[in-house]
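# Fold and contact review
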Amino acid sequence: MQRGRALVMAATLLAAATAFGAPPPTVLNAPLASDNIPVNSPFYYNQWGLCPPLSVPPVPTPITGTPPDNQQPINLTADHQDGYLHGITNLTGHPEAVQGSQRMTADLMVYDAVTGKVQATDNVHFYSPNMTLHGDTADYDVNTASGTFDHANFFLPERHGRGSAKQIQMLSEDRSFLTDMYYTTCPVGKKDWMLHAPDMLLDQSTNTGIGHDVTIDFYGVPILWTPYINFPLNDDRKSGFLSPSFGYSTTTGTDFQLPYYFNLAPNYDATLVPRIITKRGPDLGGEFRYLSQGGSKGQFDFNYLPHDNLADQERGRFHFENNTPFDRDDT
């Protein structure tokens, strides 16, 4: 019963800590410092141990100073091309469309030179620096860098994640709207944790992801629900959810964290993270960091395990550290 209450508290308060027993971060600009725990420590976990980098085909790297993709010419190749009146071209036999840093392949493509529309069907793949997609069909406008992909699996190389959506609408080069979306950082074939949202907006121009009615499942069990979620898409300082951490060790079992970062001011911030360690139990904690104009820097952080299953006892930790430089006058 005590553990059940703690789990509900963790999901409700969104409160937990960085790695239990880990040294505090030393760089304030980093939203969430990595764990510096020795590999042989019982508290060590590998954040990406079960979530290795996803293998996706390389895409052309945008060159600084070049026009946006939708202002560059489109190059079409295929084993067979049939041209018709009014600018319609059918492409079969390994058709490929390349425009700037974006590339699309499919079993069949139809290109309309007048409207700039590309209709692709069967085994559609779309590659860009921000996202790669694999779907059933696609209707893409090369002039506006927008389009719709149905029943698509997607990969986010910069976010170390993947997922699926009933429909993905690319509103522009930087903005995408996903319907009935599932997301995880687990490797293909595993769904140990999964985020689901009926709708999700990914805006690279503002470095923001926004979703509604979001549920997070852990081994198929819902552990968190929120009506609204706002999170950064990279490691810049911005209030919101950070990427979930997922790892495993033989000592602690599966370890799942969902950090929430508060960018309170240029010189201080805070991080709250709900954490579940399958062999130990829920961990509640927090962290607050600051810098002063005089050069002082420090942080408060704490952890609390209502009941450590391995130690069979309640455990906690509080830590405060401050570093203040003192000028010396040798004259």
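Just so we're clear, the structure is a prediction, and the values are computed from it rather than from any experiment. (Residues numbered from 1 in each chain as written. Predicted model: local features only at pLDDT ≥ 70, side-chain atom pairs only at ≥ 80, totals over all residues. Heavy atoms only, no water.)

### Considering the overall build of the protein
Tallying secondary structure elements over the protein gives one helix and 23 strands in all. Relative to its full complement of 331 residues, the protein shows a buried share of 43%. Excluding contacts between residues fewer than 6 apart, the proportion of contacts in the protein whose partners are at least 24 apart in sequence is 44%. Accessible area for the protein stands at about 16800 Å²; split by element, carbon and sulfur atoms hold 55% of it. (Helix = DSSP H or I, 4+ residues; strand = E, 2+ residues; numbered from the N terminus. Buried < 20%, exposed > 50% of the residue type's maximum accessible area, 1.4 Å probe, protein only. Contact = heavy atoms within 4.5 Å. Areas by Shrake-Rupley, 256 points an atom, 1.4 Å probe, with all protein chains shown as cover.)

### Considerations on the packing of aromatic side chains
For the structure shown, the criterion picks out eight aromatic pairs. A ring pair is formed by Y140 and F149, whose centres lie 6.4 Å apart and whose planes are at 50°; its orientation type is tilted. Residue F149 is classed as buried on the basis of its relative accessible area of 1%. Members of the aromatic cluster, joined through ring pairs, are Y268, F288, Y290, F300 and F320. (Phe/Tyr/Trp six-rings, centres within 6.5 Å; stacked < 30°, edge-to-face > 60°.)

### Re the confidence of the model for the protein
For the protein, the average pLDDT comes to 75, and 75% of its residues sit at 70 or higher. Per-element confidence in the protein ranges from a low mean pLDDT of 30 for helix α1 (residues 2–13) to a high of 92 for strand β6 (residues 108–112). Note on residues 1–54: pLDDT is under 50 here. Beyond four places in sequence and across chains, it has 141 contacts. (pLDDT = per-residue confidence, 0-100.)

### A few points about the environment of D217
Among the structural elements, D217 can be located in strand β13 (residues 208–218). Residues D217 and D192, 25 residues apart in the sequence, show an inter-C-alpha distance of 8.1 Å.

### Quick word on the pattern of salt bridges
Here the structure, examined in full by the defined rule, presents nine salt bridges. Between E96 and R103 there is a salt bridge whose closest N-O contact spans 3.1 Å. For R103, a relative accessible area of 19% puts it in the buried group. (Salt bridge = Lys/Arg side-chain N within 4 Å of Asp/Glu carboxyl O.)

### Re the nonpolar core
Ranked by size, the top nonpolar core spans 43 residues in total, and within it M104, F149, F154, L195 and M200 carry the most contacts. What M104 contacts, discounting residues up to four positions off in sequence, is P95, E96, A97, M109, V118, A120, V124, H125, F126, Y140 and F149. (Core = buried A, V, L, I, M, F, W, Y, C linked by side-chain atoms within 4.5 Å.)

### Thoughts on the pairing of strand β12 (residues 193–203)
Burial runs high along β12: eight of the 11 residues are buried. Alignment of strand β11 (residues 175–184) against β12, held across eight bridges, turns out to be antiparallel. Note that in β12 the partner of Y183 across the bridge is L195. As defined by bridge partners, β12 adjoins β13 across nine bridges and the pair is classed as antiparallel. When the bridges of β13 are listed, L202 appears paired with G209. Connecting the antiparallel pair β12 and β13 is a turn made up of four residues, with N207 showing a positive phi of about 55°. (Pairing = 2+ DSSP bridges.)

### Concerning the environment of S164
Within the secondary structure layout, S164 lies in strand β10 (residues 161–170). Classification of S164 by relative accessible area gives partly exposed; the value is 25%. Through-space distance from the C-alpha of S164 to that of H196 is 9.7 Å; in sequence the pair is 32 residues apart. Filtering out sequence-adjacent residues up to four positions away, S164 remains in contact with A152, N153, F154, D180, M181 and Y182.

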